[in-house]
Structure formats: C-alpha cells, structure tokens
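Structural features, examined
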Amino acid sequence: MNFTVHLVLAVLLTACFLFRFIKDRHIYQLLFVLWVPSTLLTYLPLIAENRTLRLVLGGFQLVMFVLVVFFMFRRNPKRAAAVRAAMKAELQDTPAPAGEASADTDPADNQP
C-alpha cells in the first residue's frame with residue numbers, strides 16, 4: 001500500500017476510534033487507537049531492515065488483534081443482567097394472546 005494512502009487512512013481511523021472511545025468508553029476502541037498507528041511503524045527503515053524487529057511488531061499486532069476481538073465480543077455482566085431484567089419485566093407485563101401458550105407453560109399441556 002502506498003505510504004500516503006496508509007497515512008491518511010491511519011489518521012482517519014485513529015480519529016474515528018478516539019472519538020468513539022471518548023463517547024462510548026469501550027476498551028476495544030482504545031486498543032484500535034493504539035493499534036492503527038502502530039501499523040505505520042513498518043515504514044521506518046530500522047524496522048523494515050531488521051527481521052527481529054519486524055517479528056516483534058508482527059507479534060504486537062497479533063496480540064492487539066486478539067485483544068480487540070476478545071473485548072468486542074466480551075459480555076458485560078452488569079449490562080447483560082439489566083437487559084435480562086428488562087426483558088423479564090416486559091414479558092410479565094404483557095399477557096399472552098388468547099389461544100397461544102405463554103412462555104411459562106409447556107406447549108404439550110395445551111394439547112387435547
């Protein structure tokens with residue numbers, strides 16, 4: 001990829017994820033703020049010419065990828081409990097339509 005295109009995309013993505021992190025406070029967004037600019041390090045002559053440093057940078061990027069995926073799909077126990085409580089309250093407030101089984105009964109009980 002052309003360095004100029006890479007630089008523009010890295011700046012835009014970093015700004016976008018920084019804005020979203022300030023607004024939402026999700027850890028994976030902060031990890032993206034650190035990870036995206038680190039991809040620009042591959043253009044430094046010191047890293048481009050040294051195989052060991054390239055492997056270290058690749059390892060860092062792999063770790064960042066794993067952490068981002070982990071934190072993106074990790075469930076927040078407090079949020080999950082709140083959603084469960086809201087769904088339970090909603091189910092208790094709305095009666096089941098006539099002729100349909102409610103969520104608490106066994107459908108086999110309704111058969112003649």
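Note that the coordinates shown come from a computational prediction; the quantities given were computed from them, not determined experimentally.

Overview of a nonpolar patch on the surface
Taken together, the side chains of Met1, Phe3, Val5, Leu7, Val8, Leu9, Val11, Leu12 and Tyr43 make up a nonpolar region of the molecular surface, amounting to roughly 830 Å² of accessible area. Along the polypeptide, Val11 turns up in helix α1 (residues 3-24).

Describing the environment of Phe32
Within the element layout of this structure, Phe32 appears in helix α2 (residues 27-38). Ignoring sequence-local partners within four residues, the contact set of Phe32 consists of Phe17, Pro37 and Val68.

Topic: the nonpolar core
By size, the foremost hydrophobic cluster in this structure holds 11 residues: Ala10, Phe17, Tyr28, Leu31, Phe32, Val33, Trp35, Val36, Leu40, Met64 and Val68. Elements supplying a minimum of two residues to this core: α1, α2 and α4 (51-73). Broken down by element, the residue count for this core peaks at 6 residues, all from α2. The contacts of Val33, once residues within four sequence positions are left out, are Thr14, Phe17 and Leu18.

A look at the pattern of salt bridges
Evaluated as defined, the whole model comprises 1 salt bridge. In this structure, Arg20 and Asp24 form a salt bridge, with 2.7 Å as the shortest nitrogen-oxygen distance. Within this pair, Arg20 and its partner Asp24 are both found in helix α1, separated by 4 residues, close to a single helical turn. Taking relative accessible area as the criterion, Arg20 reaches 31% and is therefore assigned partly exposed.

A look at unusual backbone geometry
Residue Arg25 is not a glycine yet carries a positive backbone phi of 60°. If you trace the backbone, Arg25 turns up in the loop between α1 and α2. The exposed category is assigned to Arg25, whose relative accessible area is 57%.

Details of the side chain of His6
Mapped onto the secondary structure, His6 falls in helix α1. A polar contact of 3.0 Å, which involves the side chain of His6, links it to the side chain of Thr39. Those residues in contact with His6 that lie beyond four places of it in its chain are Met1, Thr39, Leu40 and Tyr43.

Observations regarding the packing of α1 against α2
With their axes 8 Å apart at the nearest point, α1 and α2 run at an angle of 160° to one another. Between α1 and α2, the crossing angle belongs to the class labelled roughly antiparallel. You can see that α1 and α2 cross each other, and the crossing is left-handed. Residues Ala10, Leu13, Thr14, Phe17, Leu18, Arg20, Phe21 and Asp24 of α1 form the contact with α2, whose own contacting residues are Gln29, Leu30, Phe32, Val33, Val36 and Pro37. When grouped by side-chain class, the residues that make up the contact of α1 with α2 number 10 nonpolar, 2 polar and 2 charged.

Rules of the game
- Residues numbered from 1 in each chain as written.
- Predicted model: local features only at pLDDT ≥ 70, side-chain atom pairs only at ≥ 80, totals over all residues.
- Heavy atoms only, no water.
- Patch = residues over 30% accessible without salt bridge, like charges linked within 9 Å, V, L, I, M, F, W, Y side chains within 5 Å.
- Areas by Shrake-Rupley, 256 points an atom, 1.4 Å probe, with all protein chains shown as cover.
- Salt bridge = Lys/Arg side-chain N within 4 Å of Asp/Glu carboxyl O.
- Helix = DSSP H or I, 4+ residues; strand = E, 2+ residues; numbered from the N terminus.
- Contact = heavy atoms within 4.5 Å.
- Core = buried A, V, L, I, M, F, W, Y, C linked by side-chain atoms within 4.5 Å.
- Buried < 20%, exposed > 50% of the residue type's maximum accessible area, 1.4 Å probe, protein only.
- Polar contact = N/O pair within 3.5 Å; in protein donor to acceptor, adjacent residues only side chain to side chain.
- Axes fitted to C-alpha atoms, helices over the stretch in contact; angles between N-to-C directions.
- Parallel < 35°, antiparallel > 145°, perpendicular 65-115°, else oblique.
- Left-handed = near helix turned anticlockwise from the far one by under 90°.
- Nonpolar A, V, L, I, M, F, W, Y, C, P; charged D, E, K, R; others polar.

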